[in-house]
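Tertiary structure, described
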Amino acid sequence: MREKARLLLALAALVAVAPMLAACYTTKGAGEDLSAAGKGITNSADKNTGYKP
């Protein structure tokens, strides 16, 4: 009985942690996309303003 409870607890912990691990990759990808968009906007602004520091 104790082993069954321990197994169920371990399984529940794995099920709870799995979405968190997947979310890390999703968040990382979203951050990279936003960073690329920001760089694109910055480059476009630099090209179109004619400002030279």
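Residues numbered from 1 in each chain as written. Predicted model: local features only at pLDDT ≥ 70, side-chain atom pairs only at ≥ 80, totals over all residues. Heavy atoms only, no water.

**Here's the deal with the environment of Ser35**
Rules: Numbering of helices and strands runs from the N terminus; a helix is a DSSP stretch of H or I covering at least four residues, while a strand is a stretch of E covering at least two. Only protein chains enter the area calculation, which uses a 1.4 Å probe; residues under 20% of their type maximum are buried, those over 50% are exposed, and those in between are partly exposed.
Looking at the secondary structure, you find Ser35 in helix α1 (residues 2–49). Residue Ser35 is classed as partly exposed on the basis of its relative accessible area of 35%. Residues Ser35 and Pro19, spaced 16 residues apart in sequence, show a C-alpha to C-alpha distance of 24 Å.

**Observations concerning a nonpolar patch on the surface**
The test is simple: For patch detection, residues must exceed 30% relative accessible area and be free of salt bridges, and they are connected within 9 Å for like charges or within 5 Å for nonpolar side chains (Val, Leu, Ile, Met, Phe, Trp, Tyr). Every accessible area reported is derived by Shrake-Rupley at a probe size of 1.4 Å, with residue values counting cover from the shown protein chains alone. Salt bridge, as used here, is a side-chain nitrogen of Lys or Arg placed within 4 Å of a carboxyl oxygen of Asp or Glu.
Together, Leu8, Leu11 and Val15 line one region of the surface with nonpolar side chains, adding up to about 300 Å² of accessible area. Structurally, Val15 can be placed in helix α1. Using a relative accessible area of 55% as the deciding quantity, one classes Val15 as exposed.

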